[in-house]
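# Summary of the model geometry
Listed here are the chains, written in short residue letters.
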Amino acid sequence: MLYTYHLKTPPEGFLSITAQVKGAVAESGVQSGICVVFCPHTTAGITINENADPDVQTDLLLAYRAAFPDCAAFRHCEGNSAAHAKASAMGSSATVIIENGILLLGTWQGIYFCEFDGPRNRTFYVKIIEAR
Amino acid sequence: MLYTYHLKTPPEGFLSITAQVKGAVAESGVQSGICVVFCPHTTAGITINENADPDVQTDLLLAYRAAFPDCAAFRHCEGNSAAHAKASAMGSSATVIIENGILLLGTWQGIYFCEFDGPRNRTFYVKIIEAR
Amino acid sequence: MLYTYHLKTPPEGFLSITAQVKGAVAESGVQSGICVVFCPHTTAGITINENADPDVQTDLLLAYRAAFPDCAAFRHCEGNSAAHAKASAMGSSATVIIENGILLLGTWQGIYFCEFDGPRNRTFYVKIIEAR
């Protein structure tokens, strides 16, 4: 059970993909297990964070820009080394528990595709592993 | 096999949850597989780090405060945007291998619940997936 | 299906372990599932990032040094607290999807062992979980 999704991203930003992941879990029919949400790109990542106030996503971008600023010593010729660093700090995947057929997310949690070097056409995968 | 645990946390800090996770694995009887430790909160996370010298946990807090400081430009009205950023950098879960019925942790590794916006009553889950 | 690998690391740096992980997947014969690449150390981690231009790895080291600098207030007597912080930011594992018998990595993605406190003899594990 592998599900593939495509996104058009802004230059930078957090796109909610919770609905797609919930849809994959529902379609799979799996009642108990885990799902792995995987980003196959190197200047984007996956995170789980607040789903209520969109200011949190704006602030996350600010916080990550401050933690991983552009640097004169960077050598990678594409000029997007900070985006690579942000992607590694976020991580390229999130693993979520499936219980009673639904994602075991907290009340305020959503799953986000994190674009650090857009705009681009991006892809992500959802793989579902059923528990015995 | 889903296990749920509750914690009372300090304002900020790393709480060892290794014993709970080991207990879940033992109770499950699973000999080979993985376990996913999941935090359903957005200003807390899960990490694996040194279990011996408690100064490491103190220093981790200092290092994360320096990397993700409060910022005048933050817009989220709850004032805890830095905690949200720290949570995403830590990650909301850890995945550990189970082999011969026990957690395959390194000698110096412990599993920690990372509180960045306490004190609160918090929850975490342990989901065990058996390998075939 | 657990695979164990050993590495000799430089003082700091990103070592590609993609070939070893691909080899484990091939040897397992698993067609569909996930694999967990796990680092049992507390001053090293695992990440997925660019496999083409080695300057990206150099820049990642610079970016992580800037985000997590040494700090006079650190108390851990071994003097490697920044390395512990970097390890937690990277994460101690990566989870990758297996589909049609191969790792579902993006074109530019490689899997890296991240050494932040070498040189050392290090170990990592690959655990493969087959989907039903």
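Worth saying up front: this structure is predicted, and the values here are computed from it rather than measured.

### Brief notes about the layout of surface pockets
In this structure, the largest pocket occupies an estimated 260 Å³ of space. One number sums up the size of the second largest pocket: a volume of about 230 Å³. Considering only residue class, the lining of the second largest pocket consists of 2 nonpolar, 8 polar and 4 charged.

### Digging into the confidence of the model for chain A
The pLDDT averaged across chain A works out to 96; a share of 100% of its residues lies at or above 70. Listed scores for the predicted complex are pTM 0.98 and ipTM 0.96.

### Points about the nonpolar core
Ranked by size, the top nonpolar core spans 99 residues in total, and within it Cys35 and Val126 of chain A, Cys35 and Val126 of chain B together with Cys35 and Val126 of chain C carry the most contacts. Look past the residues within four positions of Cys35 of chain C in its chain and what remains in contact with it is Val21, Val25, Ala94, Thr95, Val96, Ile98, Leu103, Val126, Lys127 and Ile128 of chain C. Residues Ala67 and Tyr112 of chain A together with Phe14 and Phe116 of chain C belong to the second largest nonpolar core, which totals 51 residues.

### Quick word on the interface of chain C and chain A
Counting from both sides, the interface comprises 33 residues of chain C and, opposite them, 30 residues of chain A. Summing both partners gives a buried area of about 2,500 Å² for chain C against chain A, and 61% of it is carried by carbon and sulfur. Of all residues in chain C, the largest losses of buried area upon contact with chain A belong to Asp59, Ile97 and Arg132 of chain C, amounting jointly to 22% of the total for that side. At the surface where chain C touches chain A, the tally comes to 3 salt bridges. Between Glu99 of chain C and Lys127 of chain A there is a salt bridge, with the nearest N and O atoms lying 2.6 Å from each other. Summed over the shared surface of chain C and chain A, the result is 14 residue pairs in polar contact (both at pLDDT 80 or more).

### Let's talk about the packing of helix α2 (residues 54-67) of chain A against helix α3 (residues 81-90) of chain B
Between α2 of chain A and α3 of chain B, the shortest axis-to-axis distance is 9 Å and the interhelical angle comes to 70°. Relative to α3 of chain B, the element α2 of chain A lies roughly perpendicular. Mapping the contact onto sequence places Val56, Asp59, Leu60, Ala63 and Tyr64 of chain A in α2 of chain A and Ser81, His84, Ala85, Ser88 and Ala89 of chain B in α3 of chain B.

### Some thoughts on helix α1 (residues 18-28) of chain A
Residues and elements named next belong to chain A. Those residues of α1 not exposed but buried are Thr18, Val21, Ala24, Val25 and Ser28. End-on view of α1: buried residues confined to an arc of 130°, all on one side of the axis. Summarising the geometry of α1, the exposed residues directed more than 90 degrees from the buried face are Ala19, Ala26 and Glu27. Directly beyond the C-terminal end of α1, a positive phi value near 75° is found at Gly29.

### Regarding the interface of chain C and chain B
With 30 residues of chain C at the interface, the matching set in chain B holds 33 residues. Between chain C and chain B, a total of about 2,500 Å² is buried, with carbon and sulfur atoms accounting for 61% of that surface. The interface formed by chain C and chain B holds 3 salt bridges in total. Here Arg75 of chain C makes a salt bridge to Asp55 of chain B, at a shortest N to O gap of 3.6 Å.

Here is what the cut-offs are and how they apply
- Residues numbered from 1 in each chain as written.
- Chains lettered and ligands numbered in written order.
- Predicted model: local features only at pLDDT ≥ 70, side-chain atom pairs only at ≥ 80, totals over all residues.
- Heavy atoms only, no water.
- 1 Å grid on protein atoms, 1.4 Å probe; cavity = no way out; pocket = protein on both sides within 12 Å on 5 of 7 lines; lining within 4 Å.
- Points joined across faces, edges and corners; volume = space filled by probe spheres on them.
- Nonpolar A, V, L, I, M, F, W, Y, C, P; charged D, E, K, R; others polar.
- pLDDT = per-residue confidence, 0-100.
- Core = buried A, V, L, I, M, F, W, Y, C linked by side-chain atoms within 4.5 Å.
- Buried < 20%, exposed > 50% of the residue type's maximum accessible area, 1.4 Å probe, protein only.
- Contact = heavy atoms within 4.5 Å.
- Buried area = accessible area lost by both parts, 1.4 Å probe.
- Salt bridge = Lys/Arg side-chain N within 4 Å of Asp/Glu carboxyl O.
- Polar contact = N/O pair within 3.5 Å; in protein donor to acceptor, adjacent residues only side chain to side chain.
- Axes fitted to C-alpha atoms, helices over the stretch in contact; angles between N-to-C directions.
- Helix = DSSP H or I, 4+ residues; strand = E, 2+ residues; numbered from the N terminus.
- Parallel < 35°, antiparallel > 145°, perpendicular 65-115°, else oblique.
- Arc of directions from axis to C-beta.

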